[in-house]
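Residues per chain, in single letters:
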Amino acid sequence: MRSSNLTKTITIALMGAISMVLMLLNFPLPLLPAYLKIDFSEVPVLLAALLFSPIAGVAVEAIKNLLYLIFTGAGDPVGVVANFLAGMMFVLPVAYFYHKFKASKRTLVSGLATGTVVMAIGMGLLNYFVILPLYIMFAGYPSMGPEAKWLAVTAGIVPFNLIKGIIIAIVFVPLFAKLKPWFAKRKRSGSTAA
Amino acid sequence: MNNLLIVGQYVPTNSIVHRMDPRVKMLIIFFYVIFIFFANNVISYGLFTLFALGSTILTKVPRRFIAKGLTPVWFLIVFTFILHLFVTREGFVLFHVFGLPIYSGALEQGAVISLRFFLLILLTSLLTLTTTPIEITDAVESLLGPLRRFKFPVHELALMMSISLRFIPTLLQETEKISNAQASRGVDFRTGPFRERVRAVIPLLVPLFVSAFKRAEELAMAMEARGYRGGEGRTKLRELRVVKRDVAALVCFIVITAAALITRDYS
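Rules used in this analysis
- Residues numbered from 1 in each chain as written.
- Chains lettered and ligands numbered in written order.
- Predicted model: local features only at pLDDT ≥ 70, side-chain atom pairs only at ≥ 80, totals over all residues.
- Heavy atoms only, no water.
- Helix = DSSP H or I, 4+ residues; strand = E, 2+ residues; numbered from the N terminus.
- Contact = heavy atoms within 4.5 Å.
- Areas by Shrake-Rupley, 256 points an atom, 1.4 Å probe, with all protein chains shown as cover.
- Core = buried A, V, L, I, M, F, W, Y, C linked by side-chain atoms within 4.5 Å.
- Buried < 20%, exposed > 50% of the residue type's maximum accessible area, 1.4 Å probe, protein only.
- Domains from an automatic or database assignment.
- UniProt positions renumbered as here; feature names shortened; annotations may be inferred.
- Pairing = 2+ DSSP bridges.
- Phe/Tyr/Trp six-rings, centres within 6.5 Å; stacked < 30°, edge-to-face > 60°.
- Lys NZ or Arg CZ within 6 Å of the ring centre and 35° of its normal.
- Axes fitted to C-alpha atoms, helices over the stretch in contact; angles between N-to-C directions.
- Parallel < 35°, antiparallel > 145°, perpendicular 65-115°, else oblique.
- Left-handed = near helix turned anticlockwise from the far one by under 90°.
- Nonpolar A, V, L, I, M, F, W, Y, C, P; charged D, E, K, R; others polar.
- Buried area = accessible area lost by both parts, 1.4 Å probe.
- Salt bridge = Lys/Arg side-chain N within 4 Å of Asp/Glu carboxyl O.
- Patch = residues over 30% accessible without salt bridge, like charges linked within 9 Å, V, L, I, M, F, W, Y side chains within 5 Å.
- Lys, Arg positive; Asp, Glu negative; His and termini not counted.
- Charge placed at Lys NZ, Arg CZ, Asp CG, Glu CD.

Broken down by element type, chain A carries six helices and two strands. For chain A, the α and β elements follow one another from N to C terminus as α-β-β-α-α-α-α-α. For chain A, the proportion of contacts with a sequence separation of at least 24, taken over those separated by at least 6, is 68%. For chain A, the computed accessible surface area is about 8,500 Å², with 72% contributed by carbon and sulfur atoms.

Below, the structure written as structure tokens:
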């Protein structure tokens, strides 16, 4: 019992490390502002959330962002918090769908679609009401009017998060299909050995 | 980037700041970030600047490392300044640039806000320059200790953090090895339509995850074999202890902050 618990803890730690490495291999999207960057760091988070539990996903996301903060020297704490919240909004609906309904490819895809929409709308609202005002305070930018914020949200943040969700889904669905049987087999043989 | 990941930004000079208790460093930075927003005149800003520059000198970290830590934000600081210069319209017109009037208030406000921004980044970057990631993890564990009462798994979080820190260089190496191996089998990461390029990540990620799962099992077994049984009653190789220099630093910080709070304008 404990052994599987410790293995889980360590696996979460390693997923966090992979996630952080993937976060550094980011790339900007054409046509969108350069500070919005896409990376695959959400993939290990999803994996942990689906294989173990939603809480495990939260842990991986937290470790990723803490590591990022430590390694890059806390230049942008608001961005790190925003990344954490975006990840949560994306991953938790997927995990909820997957654990609640019959685990199939269709559940996974609808979960990913829901997660993408939740993340896009949630980040839009969060940016409009919290993050952009915080950046304005932190960097002392002259305050943006509602029109400027609205433009930033509808032209930048919402489409960005939609594209990000779709790209991660394109990678994650076939990846999970490949890994799941392997993992299931391993789990079975592990329990008989223990 | 490899270098960044192996040591972070840590520059070992064994200065007095390096030897400080990481918890004290983090607390000072935390309160500095809050209280600098209260500064509003020359004296209070001067005091906070003095504290940040004084700490920077005490770290004995060569200037180029400090500058390197600041590079990503230099642009932001300059951008903030220029933005203020053209947007703020207070005070009197000083001169014209490209036909646009520059106001005295804009110059002042731009300078003040860029200075605040600069000081914030400078002081927070000192933490990672003078503290190893492992020390930071220890400090986080200790500072979050009270949360244990609310069943927050503080020890597990710290354990996961230190394991992650240990394996980041290993995983990075592995990523490189796998991507070379897949490239030699003909996987193309660079060209082709966007969708194809995105999909090319999959053969990179599958072996990475598989080996991570295997590694986790091996490590768990090794830890159990050596008698690991959770955080209860576990002892530490490096104990964090607050000593004289930490108290001195705290007193310094409190005196300067208090002085700044007294001298700021209240009108």
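And the narrative resumes.
Turning next to the nonpolar core. In this structure, A:Phe172 and B:Phe209 are the most contacted members of the largest nonpolar core, which totals 116 residues. Residue assignment places this core across two domains, with domain 1 (16-131 + 240-263) and domain 2 (153-225) of chain B each supplying three or more. When near neighbours in sequence (up to four residues on either side) are disregarded, A:Phe172 contacts A:Val43, A:Leu46, A:Leu47, A:Leu50, A:Leu108 and A:Leu112.

Residues and elements named next belong to chain A. According to UniProt, the feature "transmembrane region" (unreviewed entry) maps to residues 12-36, 43-60, 80-99, 111-138 and 150-177 in the numbering used here. Here residues 80-99 runs as 100% helix and 0% strand, with 28 Å between its end C-alpha atoms. From the first C-alpha to the last, residues 150-177 spans 39 Å; its make-up is 100% helix and 0% strand.

Moving on to the pairing of strand β2 (residues 100-103) of chain B. All names here are of chain B. Note: strand β1 (residues 93-97) against β2, four bridges, orientation antiparallel. Bridge pairing links Val93 to Tyr103 in β2. In this antiparallel pair of consecutive strands, β1 and β2, the connection spans two residues, and Phe98 shows a positive phi of 50 degrees.

A few words now on the packing of aromatic side chains. Overall, the coordinates contain twelve aromatic pairs over all chains when judged by the stated rule. Taking 6.4 Å as the distance between ring centres and 75 degrees as the angle between the ring planes, the aromatic pair formed by A:Tyr96 and A:Phe97 counts as edge-to-face. A relative accessible area of 48% places A:Tyr96 in the partly exposed class. The residue whose ring lies beneath B:Arg166 is B:Phe167, and the NZ or CZ to ring-centre distance is 4.8 Å.

A few words now on the packing of helix α4 (residues 42-59) of chain B against helix α6 (residues 104-130) of chain B. Working note: a packed helix pair is described by the angle between its axes plus the distance between those axes. Residues and elements named next belong to chain B. Remark: α4 packs on α6, axes separated minimally by 10 Å, with the N-to-C direction vectors making an angle of 30 degrees. On the basis of their axis angle, the class for α4 and α6 is roughly parallel. Taken as a pair, α4 and α6 cross one another with a handedness that is left-handed. Contacts between α4 and α6 involve Tyr45, Phe48, Thr49, Phe51, Ala52, Leu53, Ser55, Thr56 and Thr59 from the first element and Val112, Leu115, Arg116, Leu119, Leu122, Leu123, Leu126 and Thr130 from the second. When the residues that make up the contact of α4 with α6 are grouped by side-chain class, the tally is eleven nonpolar, five polar and one charged.

In this section: the interface of chain B and chain A. Taken together, the contacts link 57 residues of chain B with 51 residues of chain A. Across the chain B/chain A interface, buried area totals approximately 5,000 Å², and carbon plus sulfur atoms make up 84% of it. On the chain B side of the contact with chain A, B:Met160, B:Phe209 and B:Phe213 bury the most area, a combined 14% of that side's loss. On inspection of chain B and its partner chain A, the count reaches zero salt bridges.

Moving on, we get to the UniProt feature "transmembrane region" (unreviewed entry) in chain B. Residues and elements named next belong to chain B. Mapped onto this numbering, the UniProt entry annotates "transmembrane region" (unreviewed entry) at residues 29-53, 65-87, 107-129 and 247-264. Structurally, residues 107-129 is divided into 100% helix and 0% strand, and its ends, taken at the C-alpha atoms, are 32 Å apart. With 94% helix and 0% strand, the stretch residues 247-264 has end C-alpha atoms that lie 26 Å from each other.

This part takes up the domain arrangement of chain B. Considered domain by domain, chain B is made up of domain 1 (16-131 + 240-263) and domain 2 (153-225). If you average the C-alpha positions of domain 1 of chain B and of domain 2 of chain B, the two centres end up 38 Å apart.

Now for the packing of helix α3 (residues 22-35) of chain B against α6(B). Residue and element names in this part refer to chain B. The geometry of α3 relative to α6 is characterised by a closest axis approach of 10 Å and an angle of 170 degrees between their N-to-C directions. Considering their axes alone, α3 and α6 lie roughly antiparallel with respect to each other. For the pair α3 and α6, the contacting residues are Lys25, Met26, Ile29, Tyr32 and Val33 in the first and Leu119, Leu120, Leu123, Thr124, Leu127 and Thr130 in the second.

Another aspect to go through is a positive patch on the surface. On the surface, a cluster of positive charge is contributed by A:Lys105, A:Lys178, B:Arg195 and B:Arg199. Structurally, A:Lys178 can be placed in helix α6 (residues 146-193).

Before going further, it helps to spend a moment on unusual backbone geometry. All names here are of chain B. You will see that Lys60, though not glycine, has its phi angle at about 60 degrees, which is positive. Residue Lys60 is classed as exposed on the basis of its relative accessible area of 60%. Although it is not a glycine, Lys151 sits at a positive phi angle of roughly 65 degrees. Along the polypeptide, Lys151 turns up in the loop between α7 (133-144) and α8 (154-184).

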